[in-house]
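# Fold and contact review
Chain residues, written in single-letter form:
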Amino acid sequence: MAKITDAWLRSTVGKPYSGKAELLVGDGLYARISPKGKITWVFRVSFAGKAIKQSLGKYPAMKLSEARDERDKRHELASEGIDPRAALRIQKTASPKTLNDVIDYWIEIHAKHNIQRWKTFAHMFDVDIRPYIGAYPINRLELVDYMACFNHARDRVGPKHSANLMSRLKSVITLGVRHGIVKYNVIHLLKKEDVGKPVSRKKGRQRDEGIGALWNAIDDAPIHPSNRNFLRIMFIFANRANELRLAKKSDFDFKRNLWTVPEENNKIRKKGGGEIVRPIPKMAQEILRIQFSYYPEHEIVFPPVNIDQDRPMSPSVVVAVGVKLADRIASLGYPRTTNHDMRRTARNVWEEMGVKHKVGEIMLGHVVHDGVTSNYLDYHYIPEQRVCYEKWCDYIQQQVLRAENKVVVNI
């Protein structure tokens, strides 16, 4: 029988496994290994004359030493006549959790499941918080301790960075308060102006022939044809980039001409919005059929262009192709336009077209039925959307002609 060591665990996890399903570590602690190499710590003990079993966690999130510690704690509970399956008692003499503990808790419990850019924020804490006050008990830290970190971050990077750092850390500690692992959030009254400067959002968008110029600029941008199609579809639907990046061919129904964005791929799921359903206008149908032909064996519509893998392209690629398009349109003398600016551009034109407010909002993928209404109404405005998308595509083509006939002077 294999001896469970750190080296054995590293060599086994995540790899095909055909051995015994559970291996004894010692004193009631077992490692359960699935055929795919997933390792779960299991604790077995006799309590009140009955054999009980409890899952402690998974490797590598829970290390071997940590699993042994958890086993020992539960043995202690059982010896005192307390069911080890119940929550461990909070020792009043135990030291308060450190700020690092709270940050780690936020990452595992909340960020990984709800925030796409959680690694970015975790890196901010690694650089500007952990080295200075991370190891201190959080319930003993005072406002002045946090201010020293924010001031250092402002001097190191800038006032917008320090303001963002404070805002993110405030959310981390607030979660700790709500979950009962922190007594009080001493920075909850701070405003961004107290530690730095809020980010000023630029609201760029195209008008009239600039819309046609932007469409033409997609053809001229130095990017792969697949990524050009990505930008074209984003321009037509004014969707969020992630909705399209994660899209599968099965999400597009060409018989009914509908694109369904599953709940797990869209932002409004957090607000009870469910799936997003959009009709597919004729211009988008042609682009999508061409895109499907690029990767006939793939399930994903927009995979990486440099490697043959059936998976979504990286979020960083979406940003990069958007930057190249923005650089191109700006070089022609038109307002610099980001991926998000395309949504703003479309929404303004739809408003000028007289599209009803709820129809325009649902086309953007916003929640329009809330409160009590959401319990009764889940109408997607498909006929109304279809009319608007066709008019929007006609408008784009009209502006393409205008842009081609207009000479723009670089500024």
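Just so you know, the residues in each chain are numbered from 1, in the order the chain's sequence is written. Reporting in this predicted model follows two pLDDT cut-offs: at least 70 for local features of residues, and 80 or more for side-chain atom pairs to be given and counted; totals over whole chains, interfaces and linings ignore these cut-offs and use all residues. Side-chain measures here rest on the full set of heavy atoms in the structure, leaving out hydrogens and waters.

Further remarks concern the packing of aromatic side chains. Under the pairing criterion, centres of Phe, Tyr and Trp rings, with the six-membered ring standing for Trp, must be within 6.5 Å; the plane angle then separates stacked pairs below 30 degrees from edge-to-face pairs above 60, leaving the rest tilted. Applying the stated rule across the entire model yields 14 aromatic pairs. Measuring from centroid to centroid gives 6.4 Å for W41 and Y59, while their planes differ by 90°, and the two rings are edge-to-face. Of this pair, W41 sits in strand β3 (residues 39–47) while Y59 sits in strand β4 (residues 50–59); the two residues are 18 residues apart in sequence, bridging distant segments of the chain. Each member of the pair, W41 together with Y59, is buried. Put simply, DSSP H or I for four residues or longer makes a helix, DSSP E for two residues or longer makes a strand, and each gets a number counted from the N terminus. The buried label goes to any residue with under 20% of its type's maximum accessible area, the exposed label to any with over 50%, and the partly exposed label to all in between, with areas taken from a 1.4 Å probe on protein chains only.

As used here, the term nonpolar core means buried Ala, Val, Leu, Ile, Met, Phe, Trp, Tyr and Cys residues forming a set that is joined through side-chain atoms within 4.5 Å. Counting residues in hydrophobic clusters, the biggest one holds 55 residues, and the most contacted among them are L244, F252, W350 and W392. Elements with a minimum of two residues in this core: α9 (209–220), α10 (225–237), β6 (258–261), α12 (282–294), α13 (315–331), α14 (339–352), α15 (357–364) and α16 (382–404). Broken down by element, this core gets its largest block of residues, eight residues, from α16. Two residues form a contact once any of their heavy atoms are found within 4.5 Å. Beyond its immediate stretch of four places on either side in the chain, L244 contacts F230, I233, M234, N239, F252, W259 and F302. Residues I115, I129, L165 and L175 belong to the second largest nonpolar core, which totals 32 residues.

On to the pattern of salt bridges. By definition, a salt bridge exists where a carboxyl oxygen of Asp or Glu is found within 4 Å of a side-chain nitrogen of Lys or Arg. According to the stated counting rule, one finds 22 salt bridges in the structure shown. In this structure, D253 engages R256 in a salt bridge whose closest nitrogen and oxygen atoms are separated by 2.9 Å. Residue D253 is classed as partly exposed on the basis of its relative accessible area of 23%.

Quick look at the sheet that holds strand β7 (residues 276–279) now. Strands are treated as partners if at least two bridges between them are detected by DSSP. Read across the sheet, three strands follow the order β5-β6-β7 without closing on themselves; strand pairing throughout is antiparallel. In the strand order of this sheet, the two ends are held by β5 (252–253) and β7, each with one partner. Sheet analysis places β6 next to β7, joined by four bridges and oriented antiparallel. For V261, the partnering residue across the bridge sits in β7 and is I276.

What follows deals with the confidence of the model for the chain. pLDDT gives the predictor's per-residue confidence on a scale running from 0 to 100. When pLDDT is averaged across the chain, the result is 87; 91% of the residues are at 70 or more. Low pLDDT (under 50) marks residues 407–411, which in the prediction has seven contacts with non-local residues, meaning those over four places away or in another chain.

Once that is clear, we can look at the environment of T12. Relative to the assigned elements, T12 resides in helix α1 (residues 6–12). Excluding residues within four positions of it along the chain, T12 makes contact with Y17, I33, G37 and I39.

A word on the sheet that holds β4. Hydrogen bonds between backbone atoms are what pair the strands of a sheet, whose relative direction is either parallel or antiparallel. Strand order in the open sheet formed by four strands is β1-β2-β3-β4, with antiparallel pairing between adjacent strands. The sheet is open, and its two borders are formed by β1 (22–26) and β4, each paired with just one other strand. The mean inter-strand angle of the sheet, taken between neighbouring strand axes irrespective of direction, is 30°. The sheet contact formed by strand β2 (residues 29–33) and β3 spans five bridges and is antiparallel. Within β3, the residue paired with Y30 across the bridge is V42. Note on geometry: axes are lines fitted to C-alpha atoms, helical ones only across the stretch in contact, with angles between N-to-C directions running from 0 to 180 degrees. Against the sheet, helix α2 (residues 64–79) touches β1, β2, β3 and β4, its axis set at about 15° to β3.

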